[in-house]
Amino acid sequence: MIGSPRMHEDLVAEGASTSLNRVARSMATHGIQGWPRKKRGRGGRRSYRPPRIQNHLERNFSALEPNTQWVTDITEIRTQEGKLFMCVVLDLFSKLIVGWSMHHRQDLYMVIRAVEMAVWQREGQAPVILHSDRGNQLTSGDYQRYLGGNRLISSMSAVGYCGDNVACEGFFGVLKRDGIHHRRYRTLNEARADVFDYVERFHNPRM
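Let us look at the structure shown here. (Residues numbered from 1 in each chain as written. Predicted model: local features only at pLDDT ≥ 70, side-chain atom pairs only at ≥ 80, totals over all residues. Heavy atoms only, no water.)

A look at the overall build of the chain
Link 1 in the chain: Per the secondary structure count, the chain includes 7 helices and 5 strands.
Link 2 in the chain: If you list the helices and strands of the chain from N to C, you get α-α-β-β-β-α-β-α-α-β-α-α.
Link 3 in the chain: Residue burial in the chain is summarised as follows: out of 207 residues, 44% are buried.
Link 4 in the chain: The contacts in the chain between residues at least 6 apart in sequence include a share of 65% that link residues at least 24 apart.
Link 5 in the chain: As displayed, the chain offers around 12000 Å² of accessible surface, 52% of which is attributable to carbon and sulfur atoms. (Helix = DSSP H or I, 4+ residues; strand = E, 2+ residues; numbered from the N terminus. Buried < 20%, exposed > 50% of the residue type's maximum accessible area, 1.4 Å probe, protein only. Contact = heavy atoms within 4.5 Å. Areas by Shrake-Rupley, 256 points an atom, 1.4 Å probe, with all protein chains shown as cover.)

Examining the pairing of strand β1 (residues 69–79)
Link 1 in the chain: Most of β1 sits inside the fold, with 9 of its 11 residues counted as buried.
Link 2 in the chain: Pairing of β1 with strand β2 (residues 82–91) involves 10 bridges; the strand directions are antiparallel. By the bridge assignment, Thr75 is partnered in β2 with Met86.
Link 3 in the chain: In this structure, the hairpin formed by β1 and β2 is closed by a connection of 2 residues. (Pairing = 2+ DSSP bridges.)

Side note on the pairing of strand β3 (residues 97–103)
Link 1 in the chain: Of all 7 residues in β3, 7 are buried, a share of seventy percent or more.
Link 2 in the chain: Sheet topology places β2 next to β3; 6 bridges connect them, and they run antiparallel. Opposite Val88, over in β3, you have Trp100 as the bridge partner.
Link 3 in the chain: The antiparallel hairpin formed by β2 and β3 contains 5 residues in its connecting segment, where Lys95 sits at a positive phi of about 65°.

Observations regarding the sheet that holds strand β4 (residues 128–132)
Link 1 in the chain: Strand order across the open sheet formed by 5 strands is β3-β2-β1-β4-β5, with mixed pairing between neighbours. Each edge of the open sheet carries a strand with a single partner, namely β3 and β5 (152–156). Across this sheet, the average inter-strand angle for adjacent strands is 25°, counted without regard to direction.
Link 2 in the chain: As judged from the 3 bridges shared by β1 and β4, these two strands associate in the parallel manner. Bridge pairing in β4 places Val71 opposite His131.
Link 3 in the chain: Helix α5 (residues 141–149) rests against β1, β4 and β5 of the sheet, and its axis sits at about 135° to β5.
Link 4 in the chain: Sheet strands in contact with helix α7 (residues 188–206) are β1, β2 and β3, and its direction is about 175° off that of β3. (Axes fitted to C-alpha atoms, helices over the stretch in contact; angles between N-to-C directions.)

Points about the packing of helix α6 (residues 166–178) against α7
Link 1 in the chain: At a minimum axis distance of 12 Å, the contact between α6 and α7 shows a crossing angle of 100°. The angle between α6 and α7 places the two elements in the roughly perpendicular class. Taken together, the residues of α7 that come into contact with α6 (itself represented by Phe171, Val174, Leu175 and Asp178) are Tyr198, Val199 and His203.
Link 2 in the chain: When the residues that make up the contact of α6 with α7 are grouped by side-chain class, the tally is 5 nonpolar, 1 polar and 1 charged. (Parallel < 35°, antiparallel > 145°, perpendicular 65-115°, else oblique. Nonpolar A, V, L, I, M, F, W, Y, C, P; charged D, E, K, R; others polar.)

Description of the state of the cysteines
Link 1 in the chain: Applying the stated criterion across every chain yields a total of 0 disulfides.
Link 2 in the chain: Between Cys87, a free cysteine, and Cys168, which holds the nearest cysteine sulfur, the sulfur-to-sulfur gap is 7.9 Å.
Link 3 in the chain: On the accessibility criterion, Cys168 (0% relative accessible area) is buried. (Disulfide = S-S within 2.5 Å.)

As structure tokens, then:
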């Protein structure tokens, strides 16, 4: 959970009219506390694959049944208000975007919201492989614990294998070629609405 300063920033970005003090009081009243941010050493954290996590796909981007193998990735969309980040979860069987989220900050919570959407629509409780790169959000302990608690098997590429997530990259490429690159977005909300239309009214209905 994010703390009151970031919660206030997110609410304002979404169009809410409130003060930081009011957000802090409301969170305290309901017993909501932010997770402390871990301090980083100098130079930041290097990209790595956590122990015991393997590459379960090995560049085999096909699946025989739905909801057995998913891939996830993040892209950015430029607007005059700043960058909008988008995280998607793509089913390798149907090529549907089964989960997605957008936010002005590229953080763990945006990623988990996309995965939550995919989990909510999943039929049955069979384990699903979820493949990703080694971004900091995806290697974090909170993300890995969320996957473990929802019967998702984390799969990651080894260092130096940038072609191991071409399924998501292909979707993003078509999204930008067919839509985003032909638009100049004034606001974050304008970009959100356009991307929503593309995913839910164009891409998914065709699959």
